[in-house]
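# Notes for the structure review
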Amino acid sequence: MNLIGGLALALVLAPLVAALSCLLVRHARACEALNLIASVISLGCALVLTVLVGAPASRLWDDYVVIDRAAVWVILCTSIVYFVASVYAIGYMRLLQEERRLYRFYALFAGFALTTLVAPFMNNIGLYWIAIELTTIVSAFLVAFEREAESMEAAWKYIMVVSAGISLALLGTIVFYWNGSFALGPTYQMTWAALAQVAPKMNRSLLIFSFLLVLVGYGTKVGLAPMHTWLPDAHSESPAPVSAMLSGALLNTAMIGIVRFLAITRAADLGQAPELILVAFGVLSLFVGALFIVRQQGIKRLMAYSSIEHMGVVALGFGFGGPLGIAGALYHMLNHSLNKSLMFFGAGNVMRAYGTRDIEEINGVGGYFPVAGALWLAGAIAITGAPPFGLFLSEFTIMRAGLKPSFSWAVYVMALLLIVIFVGFMNHFRRMYYGPRDEPAPSGAVSAWCAVPMWIVLVPLLVLGLWWPNAMWQYLASTAQSLSGGP
Amino acid sequence: MNTREILLQIGQVLTVLLLAPLLQGIIHQFEERVQRGQGPGIFQPYRDLWKLFHKQIVVPETASWLFWVPPIVAFTCMLTVPILIPVLTDFPLPLSDMGDILGGGLILTLGSFLIILAGLDTSSAYGGIGSSRAVMVSILAEPTLILVFVGITLLAKAMIPFVVNHLLVASWPAYFSPAHLFLVAAFFILLLVETDRMPIHSSTHIEVYMIEEGRILEYSGPLLALLKWASAMKQFILYAIFCNVLVLPWALSLKGTAIGALGAAAGLIVKFTLVGCVVVFVETAQSRLRFYRYQEPLAASFLLAILAIIGTQIF
Amino acid sequence: MLIQHLSPLASSLFSLEAIATLLLSFVMLGSRWLKNYLYAFAAESWIIAMLSATAAFFGGYPELYGIAALTFFFRGIVLPLLLWRIIRRLEVDREIHAVLQPSSSIVVGALFVVFALAVAFRVAERLNVELPITVLALTVMLSMTLIGFLILSVRHEAMSQVLGLLVLENGIQIGTQILVPGMPLLLELVILFDLLVVVACFGVLVRYLEIHAGTTSILALKRLVG
């Protein structure tokens, strides 16, 4: 087994071992440490893999595992979020006063990271579906961790809506397989590459039909409107580190599935239809996100709708296509993971300190929490797409990619909605930071465990916004090449 | 058009006319026996009709000219329909193409419609209740009945019922095809509804349950006899369609000889007794549904009819 | 492909089993009592197991016998048993406030079947596969998916929603067995076990729901809005 395979195995085994040991060792401090070590190992492996993996993909273990640049990029985003969320969780979960059940949280957390890390590696469309289903199940228990009525409602909505959507994706997968079986015979390995190879010979209307099913199915998991109804509830009711993982890691993992299926349809040369549908979903998600951000009352729901909006932007990027579009979308995934974690960490801090989740009751954040407040405000400016942060660059790249004649309407709508979101989002933050102070002062300071991850995330965000080296551009371009139906 | 066929046609109408009360009596007798009663004997309806024909007609003061119409028209309708369906013979008789399956259904509905009007005519409370309930049931049942007839038509790809009969007798796969089985199930439910069996049973004289009896409450004497005979004939006709067209299409006269006709008539009694046993069994095993739940068996029947039509399209 | 070389007997057997499954899902649509749902679901799973065995026999896929046995056991016995225990513990018997009455649900379900038939006809036409069994398999698969969604969205008891999801999966399973019986065995096995895990999780979540939200009726879950 070569180095790449070994690294991938280590990447996956670390959270697995951590999850199992947390279940055996029921001591809260030990579990925190185990989880942190596992996340450090995963991050290290992911960083090395990013550098090592070349343009041709490695296929391992009897073609069941594929390690190509797109998968490694998503894994990088996931492991970064896993690491910072693990650090933050140490500080945050101590505030919840749930020492006895904490080992379960860390076991589930590591398990969740495991399932999210495994999914992009799956070479088989059926196994990919199973991995996504497993992520749903594990994260549902994480959402329900805080045993409140609202958490249970959120968990129930989450698991119901997403399972229904995923079943549609299963239907689409089966129809894809059936379509391929006309050319490849009744039994064959349903790898991405095999399907892409036989795509030109597949029946076109059935291909569009199955792609639509898969798009709607996995789109539920990504949070594209109008299948987004579970997202605000699940992301707002779960503990902050879990929200960060859900937003920063899980949405990307589901998106990579849609993108791979899109690559199969591109190989079949169906014209602009699949891309147009993806762009339509993206615009709708932006629209829904914008409307709900302007009139939002809950702080974490605000972040959740921002996730919907950014996933809409990513969908737009992948829909616009071309090297610029796909590179922009991949870059946006990384920036969004970093930024959304920052926002959820800040929201978690503020919620614990003020004891409420309503925006109206939170004020004077800058005065009471100078450092953490400044970090959070910087994150807010970043997430609405303002320079000099990374998200501005990626959104700009996507808009440049979309200025083709067929998609220029989408670019105009996107620009308008981004302005609306900026104004709405910043308005909420203005009220929280510079509004009148009339509530009792918040209690407690933000612990180091909770503040350091915010620094860890903000610095790369700033760097990525100011400096885009040629090497990274080449890297993203070659990834884009492989996703447009290349080797 | 030779004399034998004319005689057969008249014979069909006479069979329906004369044997309908017998069927009614058999079913009542079975019902009573199953419920461990003595039963009035299978010829009781004949005695009832005889008694009614010798009674005086009493016309309410609030009745109009419409009072006299329903018994006569309903009776005539019930006499007309046997011409169109296979009762005794396997082959279409000269006047059988006077109307197809849908036409037969429409004539049956005409009779029911007039009896509903009769219930309203005398402006008595029970008549009004009975008529409104009957209308509600028929609103739910008629579309399904039409759908079932459409299904039969699509099954045989012809509008007259004789073709269906031949198809089912000739090939076993057609008999056991999903379309046919669904049609049988759908029509069975409709049979229960149209002949006032459980779960819609209403032939008691308790006013809460009255649908059938409420409408004809004001009639007496020979008019009542005609109405009762008409409802018995409607039951006989529906059973005839059910057996001869759908379920048991055998034992019909192939050549049209006298012996064949008599044998077919005897076979009719046997077949109807079988179906009647099943109906009584189903009836005894259930209880009466609440009025607002009448839609449920009818929705099931609608579903089965749609599935049957789909089955004819696929296969 | 398997279904292109079917004898008439095999074809009729497949059609019979598929139609019986569809009818049972209508039984689920039309009843109010949760126990009836379970019985219909168990019967449906058994028929699907028989369908797998039929596909194994006529298509020459011996591994499908194993799938058939597992379907019979896990989907037909273990799953309904798990669900029955959950129902008994929750002490819920039936849907009390229905958004859509059972009879109207049946009518809507019938319209879904007509829609699925139209789609299946179009698909078969484009594929140039005019076999009745293909059209039937596609119709049953699509209509059971739609009926599963109907049960999921219209019913408000938590357990009914779970059962709607299971009907959805059953429909996909039927389509799989008829259209692509040669799908790799690993996948079919994992999907089967995955279903068990899902139902176990639902059981736990429903219990939490009752403890913390006080009710298992979805109509009461109105706290999170906006």
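Residues numbered from 1 in each chain as written. Chains lettered and ligands numbered in written order. Predicted model: local features only at pLDDT ≥ 70, side-chain atom pairs only at ≥ 80, totals over all residues.

### With respect to the overall build of chain B
If you tally the helices and strands in chain B, you get 12 helices and 0 strands. Going from N to C terminus, chain B has its helices and strands arranged as α-α-α-α-α-α-α-α-α-α-α-α. For a compact globule of 315 residues, the expected C-alpha radius of gyration is about 20 Å, and chain B comes in at 19 Å, within 12% of that figure. Across its three principal directions, the C-alpha atoms of chain B cover 55 × 45 × 40 Å. A burial count over chain B gives 48% of its 315 residues as buried. Taking the contacts inside chain B whose residues are at least 6 apart along the sequence as the reference set, 81% of them involve residues at least 24 apart. (Helix = DSSP H or I, 4+ residues; strand = E, 2+ residues; numbered from the N terminus. Rg over C-alpha atoms; globule rule 2.2 N^0.38 Å. Buried ≥ 20, exposed ≤ 12 C-beta atoms within 10 Å, placed from the backbone. Contact = placed C-beta atoms within 7 Å.)

### Some details on the environment of Thr89(B)
Residue and element names in this part refer to chain B. Locating Thr89 in the fold gives a position in the loop between helix H3 (69-80) and helix H4 (101-121). Measuring from C-alpha to C-alpha, the distance between Thr89 and Ser123 comes to 44 Å, with 34 residues separating the pair along the chain. In contact with Thr89, other than residues within four places in its own chain, are Leu8, Leu252, Ser253 and Gly256.

### Digging into the interface of chain A and chain C
Reports often express the size of an interface as the amount of accessible area lost when the parts come together. The interface of chain A with chain C comprises 35 residues on the first partner and 35 residues on the second. Listed by contribution, the elements that provide at least two residues to the side of chain A that touches chain C are helix H5 (125-143), helix H6 (149-184) and helix H8 (204-222) of chain A. Looking at the side of chain A that touches chain C element by element, the count peaks at 18 residues for H6(A). When the residues that make up the side of chain A that touches chain C are grouped by side-chain class, the tally is 19 nonpolar, 9 polar and 7 charged. (Nonpolar A, V, L, I, M, F, W, Y, C, P; charged D, E, K, R; others polar.)

### So, unusual backbone geometry
In this structure, the amide linkage connecting Ala225(A) to the following residue, Pro226(A), adopts the cis form with an omega of 0°. As for its position among the elements, Pro226(A) is in the loop between H8 and helix H9 (230-237). The omega angle of the peptide bond from Pro387(A) to Pro388(A) is 5°, so this bond is cis rather than trans. Position of Pro388(A) among the secondary structure elements: in the loop between helix H15 (370-383) and helix H16 (390-401). Positive phi values are uncommon outside glycine, yet Ser123(B) reaches one of about 50°. Note on placement: Ser123(B) falls in the loop between H4 and helix H5 (125-156). Accessibility expressed as a C-beta count within 10 Å gives 13 for Ser123(B), which makes it partly exposed. Although it is not a glycine, Lys157(B) adopts a positive phi angle of roughly 55°.

### Topic: helix H8 (residues 178-194) of chain B
All names here are of chain B. Here H8 spans 24 Å end to end across 17 residues, near enough to the 24 Å set by a 1.5 Å rise per residue. Within H8, 13 of the 17 residues are buried, which leaves it mostly tucked inside the rest of the structure. Where H8 terminates, the next one or two residues include Asp196, which has phi positive at roughly 60°. (Expected span 1.5 Å × (residues − 1).)

### Side note on the confidence of the model for chain B
Looking at chain B as a whole, the pLDDT averages 85, with 96% of positions reaching at least 70. By mean pLDDT, the top-scoring element of chain B is helix H2 (residues 44-53) of chain B (92), and the lowest-scoring one is helix H9 (residues 212-215) of chain B (75). (pLDDT = per-residue confidence, 0-100.)

### Thoughts on the packing of helix H13 (residues 322-354) of chain A against helix H19 (residues 470-483) of chain A
Two measures define how a pair of helices packs: the angle their axes make with one another and the distance between the axes. Residues and elements named next belong to chain A. Remark: H13 packs on H19, axes separated minimally by 8 Å, with the N-to-C direction vectors making an angle of 110°. One way to sum up the angle between H13 and H19 is to call them roughly perpendicular. Seen along the crossing, H13 lies across H19 with a hand that is right-handed. Two secondary-structure elements touch here, H13 through Pro323, Ile326, Ala327, Leu330 and Tyr331 and H19 through Leu476, Ala477, Thr479, Ala480, Gln481 and Leu483. In terms of residue class, the contact of H13 with H19 is made up of 9 nonpolar, 2 polar and no charged. (Axes fitted to C-alpha atoms, helices over the stretch in contact; angles between N-to-C directions. Parallel < 35°, antiparallel > 145°, perpendicular 65-115°, else oblique. Left-handed = near helix turned anticlockwise from the far one by under 90°.)

### Topic: the confidence of the model for chain C
Residue and element names in this part refer to chain C. In this model, chain C carries a mean pLDDT of 85, and residues with pLDDT of at least 70 account for 97%. Helix H7 (residues 185-213) is the least confidently modelled element of chain C, averaging 78 in pLDDT, while helix H5 (residues 132-154) averages 91, the highest of any element. What the predictor reports for the complex is a pTM of 0.88 with an ipTM of 0.92.

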